[in-house]
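Results of the structural survey
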Amino acid sequence: DFGADLAGVLTGLIVLSLFSFWPAATVVLGIVIFGLSNVARVNPAELLPRTNAMFHLFAYAGFTFLWIRCISPAASLKPPGPKWMMAAPALPAALLLAVKGYSARLGRGFGIQEVILSVAGIAVVVGIVWAASFLRRGRLKTQEPSPDDN
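So, how was this worked out
Residues numbered from 1 in each chain as written. Predicted model: local features only at pLDDT ≥ 70, side-chain atom pairs only at ≥ 80, totals over all residues. Heavy atoms only, no water. Helix = DSSP H or I, 4+ residues; strand = E, 2+ residues; numbered from the N terminus. Buried < 20%, exposed > 50% of the residue type's maximum accessible area, 1.4 Å probe, protein only. Contact = heavy atoms within 4.5 Å. Areas by Shrake-Rupley, 256 points an atom, 1.4 Å probe, with all protein chains shown as cover. pLDDT = per-residue confidence, 0-100. Polar contact = N/O pair within 3.5 Å; in protein donor to acceptor, adjacent residues only side chain to side chain. Phe/Tyr/Trp six-rings, centres within 6.5 Å; stacked < 30°, edge-to-face > 60°.

Along the backbone of the protein chain there are seven helices and zero strands. Starting at the N terminus and ending at the C terminus, the protein chain contains elements arranged as α-α-α-α-α-α-α. Within the protein chain, the proportion of its 150 residues that are buried is 25%. Taking the contacts inside the protein chain whose residues are at least 6 apart along the sequence as the reference set, 76% of them involve residues at least 24 apart. Approximately 10,000 Å² of the protein chain is accessible, and the part contributed by carbon and sulfur atoms is 71%.

Relative to the helices and strands, histidine 56 resides in helix 4 (residues 49-71). For histidine 56, a relative accessible area of 2% puts it in the buried group. Apart from the residues lying within four places of it in its own chain, the contact partners of histidine 56 are Ser37, Lys100, Glu114, Leu117 and Ser118.

Let's shift gears to the confidence of the model for the protein chain. Per-residue pLDDT for the protein chain averages 80, and the proportion of residues at 70 or more is 79%. Of all secondary-structure elements in the protein chain, the lowest mean pLDDT belongs to helix 3 (residues 44-47), at 60, while helix 6 (residues 90-105) reaches the highest, 92.

For lysine 100, the location among the structural elements is in helix 6. Reaching out from lysine 100, the side chain makes a polar contact with the side chain of glutamate 114 at a distance of 2.3 Å. For lysine 100, the residues in contact, after removing those within four places along its chain, are His56, Phe110, Glu114 and Val115.

This part takes up the packing of aromatic side chains. Counting across every chain of the model gives three aromatic pairs. Relative to phenylalanine 65, the ring of tryptophan 22 has its centre 6.3 Å away and its plane inclined at 85°; by these criteria the two rings are edge-to-face. A residue pair is termed long-range when its members are at least 10 positions apart, and tryptophan 22 in helix 2 (residues 21-39) and phenylalanine 65 in helix 4 qualify at 43 residues. Looking at tryptophan 22, the relative accessible area reads 29%, which means it is partly exposed. Ring centres of phenylalanine 34 and tyrosine 102 lie 5.3 Å apart, and the angle between their planes is 40°; this geometry places the pair in the tilted category. In this pair, phenylalanine 34 is assigned in helix 2 and tyrosine 102 in helix 6, connecting sequence segments 68 residues apart. Looking at phenylalanine 34, the relative accessible area reads 27%, which means it is partly exposed. By the ring-pair criterion, three or more aromatic residues cluster together here, those being Phe21, Trp22 and Phe65.

See the structure below:
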């Protein structure tokens, strides 16, 4: 147990020393998703099906949010274009394929419901961020400069 804890701490320190916060958080959450889906000795889908379903929905939604924080500068005011719409779900979809492919290789099955929930989590976050960028841009355009700004 101590060795596993030590390995986790060292891995965390290495990841945080190589990346800034958002990329490091993305890497760590990707490792957690992969680990909980494939490395655990017990298949959580068999024990707690609802909890497993919620895990897939929210884990991939969280991973997508962190990934978008990595690829989108916070100060960007223009709505995302076609390149962004392709890049935003790309890494989360690749993680989903890797996790499910490895699960199938381990003989755990593919779990179509888990895939649908994971894709839904990815799509919802991409849609919300995309819509929010339009709302933010519209609100900034309608604000008039105050006389104190000059």
